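# Descriptive analysis of the structure
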Number of protein chains: 2
Amino acid sequence: MAKTDIRFGGFGGQGIITASYIIGIAGVMHEGKDALQTQSFGTQARGGQCRAEVMISDIPLSYAPMTSSDALVVMSQPALDSYLKSLKPGGLLIVDSSIVKDIPERDDIEIIRIPASEMATKMGNKVIANMILVGALVEKMGLVKRESLTKAIEDTVPSRFVELNIQAIEEGRKLVQAS
Amino acid sequence: MAKTDIRFGGFGGQGIITASYIIGIAGVMHEGKDALQTQSFGTQARGGQCRAEVMISDIPLSYAPMTSSDALVVMSQPALDSYLKSLKPGGLLIVDSSIVKDIPERDDIEIIRIPASEMATKMGNKVIANMILVGALVEKMGLVKRESLTKAIEDTVPSRFVELNIQAIEEGRKLVQAS
């Protein structure tokens, strides 16, 4: 079958998301397929309804954005070139300016440039560039509280990296507060 | 804002997926919001284009399936009741029969009942029920090769659980081969 849609459903905590993710990883990393993986979780995620889906395909899946977004965070030039047009007017664009150099003109959005990869390298680990950007995004948009983000990192990141990730979030927050 | 769509784009390996997942977890687990998180990865996932999205909402998001599926794996009665109607004719339904007891009539699909939670408990850890179901699904549909699945588990599961997860996959495969 060229393209197969698999749906998993159950309660939170049963490993529904892991199940669909593992199949996606197996296909993409080890067999050269494409995958699209989706998960939704609700207010009762601990014990509530949970759904995960994976579409796995022998032919390339379209990466065209399906909806417009309120914010766009990019860490590569091709990502910016692909997704900028789907950022809503009045939206927020955050760019890792260590990597993305060519930002097309658009005067109906707010643009924040952060040299996140360079900052992360100076902090000791390039892989936390993403968290610097998350810190800036969340501070700017007021998406979730600082404590919620810290707890989410403690829940999901291996313990030896928790402190570094939280530092990265703080660096991102400070940049936005200062601007 | 009642509902916010955030898009992340970059190369594989930059932590794009983690960034969107962390925001979802922060909102859902620590602030009682709803979230929908999506990621797509391509044949060049290691270094290729990667996109992740998170929709975070103060009001409950709709969990109605957006598309029909070729296969459905359920580990709760509400999940079966919600998603069965979107399983395509000729599709495959796999049910954790330790949990889901009431399976509505549909003679246009194939149904496999596996007491996965009971089997997993006997194997020493209830949390691998999901992998028994994945083993059965992948064997039945020929989605990915057994070796690819094993490698995906090695890539993503903490090392002390790798062996148990692989055993669970094998149990699921054997059930389908025997039937």
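That block above? That's the structure.
Let me begin by describing the structure that accompanies this report. (Residues numbered from 1 in each chain as written. Chains lettered and ligands numbered in written order. Predicted model: local features only at pLDDT ≥ 70, side-chain atom pairs only at ≥ 80, totals over all residues. Heavy atoms only, no water.)

### Section: the packing of aromatic side chains
By the definition in use, this model includes zero aromatic pairs over all chains. Between A:Arg7 and the ring centre of B:Tyr83, over which it is positioned, the NZ or CZ distance is 5.9 Å. (Phe/Tyr/Trp six-rings, centres within 6.5 Å; stacked < 30°, edge-to-face > 60°. Lys NZ or Arg CZ within 6 Å of the ring centre and 35° of its normal.)

### What to know about the interface of chain A and chain B
Taken together, the contacts link 80 residues of chain A with 80 residues of chain B. The junction of chain A with chain B conceals about 7100 Å² of combined surface from both sides, 63% of it contributed by carbon and sulfur atoms. Remark: the boundary between chain A and chain B carries zero salt bridges. For the interface between chain A and chain B, the tally reads 26 residue pairs in polar contact (both at pLDDT 80 or more). Every element with two or more residues in the side of chain A that touches chain B is listed here: strand 1 (3-11), helix 1 (16-31), strand 2 (34-41), strand 3 (49-57), strand 4 (69-74), helix 2 (77-83), helix 4 (129-141) and helix 5 (146-156) of chain A. Among the elements that take part in the side of chain A that touches chain B, helix 1 of chain A stands out by supplying 13 residues, more than any other. Split into classes, the residues belonging to the side of chain A that touches chain B amount to 42 nonpolar, 25 polar and 13 charged. Sheet topology places strand 1 of chain A next to strand 4 (residues 69-74) of chain B; four bridges connect them, and they run parallel. Looking at strand 4 of chain B, one finds that A:Gly9 is bridged to B:Val74. (Contact = heavy atoms within 4.5 Å. Buried area = accessible area lost by both parts, 1.4 Å probe. Salt bridge = Lys/Arg side-chain N within 4 Å of Asp/Glu carboxyl O. Polar contact = N/O pair within 3.5 Å; in protein donor to acceptor, adjacent residues only side chain to side chain. Helix = DSSP H or I, 4+ residues; strand = E, 2+ residues; numbered from the N terminus. Nonpolar A, V, L, I, M, F, W, Y, C, P; charged D, E, K, R; others polar. Pairing = 2+ DSSP bridges.)

### Remarks on the nonpolar core
Counting residues in hydrophobic clusters, the biggest one holds 94 residues, and the most contacted among them are A:Leu137 and B:Leu137. Apart from residues no more than four positions distant in its own chain, B:Leu137 is found in contact with A:Ile6, A:Phe8, A:Ile23, B:Ala71, B:Val73, B:Leu92, B:Ile94 and B:Leu143. (Core = buried A, V, L, I, M, F, W, Y, C linked by side-chain atoms within 4.5 Å. Buried < 20%, exposed > 50% of the residue type's maximum accessible area, 1.4 Å probe, protein only.)

### Description of the relation of the copies chain A and chain B
Between the two copies of the chain lies a rotation about an axis combined with a shift along it. Aligned on chain B, chain A shows an RMSD of 0.0 Å; the corresponding rotation is 180° and the shift along the axis is 0.0 Å. The transformation relating the two chain copies, once decomposed into turn and shift, fits a two-fold axis. Judged by C-alpha distance, A:Thr38 is the residue of chain A that lies nearest the rotation axis, at 2.1 Å. The residues that chain A uses at the interface reappear at the interface of chain B in 100% of cases, marking a shared surface. (Least-squares fit on C-alpha atoms with pLDDT ≥ 70 in both.)

### Overview of the sheet that holds strand 4 of chain A
Judged by pairing direction, the sheet is mixed, and its twelve strands sit side by side in the order 6(A)-5(A)-4(A)-1(B)-3(B)-2(B)-2(A)-3(A)-1(A)-4(B)-5(B)-6(B) without closing on themselves. Since the sheet does not close on itself, it has two edges, and those belong to strand 6 (110-114) of chain A together with strand 6 (110-114) of chain B, each with one partner. Each strand of the sheet is rotated relative to its neighbour by a mean of 15°, with strand direction disregarded. Relative to strand 3 (residues 49-57) of chain B, strand 2 (residues 34-41) of chain B is paired through eight bridges, and the arrangement is antiparallel. Bridging across to strand 3 of chain B, B:Ser40 finds its partner in B:Arg51. Of the strands in this sheet, strand 1, strand 2 and strand 3 of chain A together with strand 2 of chain B touch helix 1 of chain A, which is tilted by about 10° from strand 3 of chain A. In the packing of helix 4 (residues 129-141) of chain B onto the sheet, contacts are made with strand 1 of chain A together with strand 4, strand 5 (87-96) and strand 6 of chain B, and the angle to strand 5 of chain B comes to roughly 145°. (Axes fitted to C-alpha atoms, helices over the stretch in contact; angles between N-to-C directions.)

### Some words on the pairing of strand 1 of chain A
Residues and elements named next belong to chain A. With respect to burial, strand 1 is a largely interior element, seven of its nine residues being buried. One ladder, built from nine bridges, connects strand 1 with strand 3; its direction is antiparallel. Along strand 3, the bridge assignment pairs Thr4 with Ile56.

The quantities given are spatial measurements derived from coordinates; they are silent on function.
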